[in-house]
Each structure stands twice: as C-alpha cells, then as structure tokens.
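# Summary of the model geometry
Chain by chain, the residues run as shown.
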Amino acid sequence: MTKSNPTKVSDLPGYQRWLQTTDQPWPKVVTISQVTVEKAALAKIDGEALVLDFVGEDFRLPLSKKLAFAMVKATGTEVFADWIGKVVTLTTDVNLDGAVVIAIEKGGSRES
C-alpha cells in the first residue's frame, strides 16, 4: 500500500513485496483485505492491473488476466470490491510451458 508521506522504499509504488512461486509454504489460505487498480510493470502485466492485499500478510499479488478470472470463479463475483473479506487459497500450478505459476482456488479453511 502506498503511503502519502513515504519513508521507506517499500512505501513507494512498485516496490512492495510481490508474492513469488518460491515463497513457502504452499498452499496459502488468505483473506483479501484490499483490491486496488495500479500501474504494474511486470513481465506478464503491462499497464493497469488489479493488485490484492491480504490480512496479516506482508506480500501483495498483482493479477494477470488469468488470475483475475480465477478470482471471479473463486469468489463468485466479477465485482472486485466484493472480493474484500473473501477467503481464497493461493497455490502453485504448472503452466503449458512447464513453468511454476501462482494459482487461485475457492475458499479454504483458516487456522485461528
């Protein structure tokens, strides 16, 4: 999240910690705390993208078109403002090129 008076590099847009496929452990059951539309200059995303923040997590997840539609399927709604408070499972998958990628699935159970 960008602060109005940044004091750290991680406060600046584009410098936040993005979730990586190398992050452990998988799967991750998370609750969405915020959905923003931001300019994202990442390998698979050029221009504006939806970015997810999660309750109690220090990482963020920019959504490719494929992940955005996975969120629609997982939450049952295309209205991304309605994703806030929803619980989803972040996991990994292997794409057709054999690369490990992040995947989003419906629900999951959160440990207290």
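Residues numbered from 1 in each chain as written. Predicted model: local features only at pLDDT ≥ 70, side-chain atom pairs only at ≥ 80, totals over all residues. Heavy atoms only, no water.

### Considering the pairing of strand E4 (residues 87–94)
For the record, the criterion: Only when DSSP finds a minimum of two bridges between them are two strands counted as paired. Each helix is a run of H or I in the DSSP string that is no shorter than four residues. Each strand is a run of E no shorter than two, and both are numbered from the N terminus.
As defined by bridge partners, E4 adjoins strand E5 (residues 100–106) across seven bridges and the pair is classed as antiparallel. For Leu90, the partnering residue across the bridge sits in E5 and is Ile104. Taken together, E4 and the strand that follows it, E5, pair antiparallel across an intervening segment of five residues, in which Gly98 is found at a positive phi of about 85 degrees.

### Re the pattern of salt bridges
To be explicit about the condition: A side-chain nitrogen of Lys or Arg and a carboxyl oxygen of Asp or Glu constitute a salt bridge if their distance falls within 4 Å. When a residue's accessible area, from a 1.4 Å probe over protein chains only, is under 20% of the maximum for its type it is buried; when over 50% it is exposed; and in between it is partly exposed.
Evaluated as defined, the whole model comprises two salt bridges. A salt bridge links Glu38 to Arg60; the nearest nitrogen and oxygen atoms lie 2.6 Å apart. Of this pair, Glu38 sits in strand E1 (residues 28–42) while Arg60 sits in strand E3 (residues 60–62); the two residues are 22 residues apart in sequence, bridging distant segments of the chain. Each member of the pair, Glu38 as well as Arg60, carries the same accessibility label: buried. A salt bridge links Arg60 to Asp53; the nearest nitrogen and oxygen atoms lie 2.8 Å apart. Assessed through its relative accessible area of 4%, Arg60 is described here as buried. On the accessibility criterion, Asp53 (9% relative accessible area) is buried.

### As for the nonpolar core
This is how the line gets drawn: Nonpolar core, defined: a set of buried Ala, Val, Leu, Ile, Met, Phe, Trp, Tyr and Cys residues in which side-chain atoms within 4.5 Å join the residues together.
Grouped together as the largest cluster of nonpolar side chains are 21 residues, with contacts concentrated most on Leu52, Leu61, Leu63, Leu90 and Ile104. When contributions to this core are tallied by element, the ones reaching two or more residues are E1, strand E2 (45–54), helix H1 (65–75), E4 and E5. Sorting elements by how many residues they give to this core places H1 first, with five residues.

### Side note on the side chain of Asp53
What counts is decided by this rule: Here a polar contact means two N or O atoms within 3.5 Å. Within protein one must be a hydrogen donor candidate and the other an acceptor candidate, and residues neighboring in sequence count only if both atoms are side-chain atoms.
As for its placement among the helices and strands, Asp53 is situated in strand E2. In this structure the side chain of Asp53 is engaged in a polar contact, spanning 2.8 Å, whose partner is the side chain of Arg60.

### Topic: H1
As a reminder, the rule being used: What the arc describes is the spread of directions from the helix axis to the C-beta atoms.
Taken together, the buried positions of H1 are Leu67, Ala68, Ala70, Met71, Ala74 and Thr75. Down the axis of H1, the sector holding all buried residues measures 160 degrees, keeping them to one side. Opposite the buried face of H1, by more than 90 degrees, sit the exposed residues Lys65, Lys66, Phe69 and Lys73. After H1 finishes, the residue Gly76 shows a positive phi value of roughly 80 degrees.

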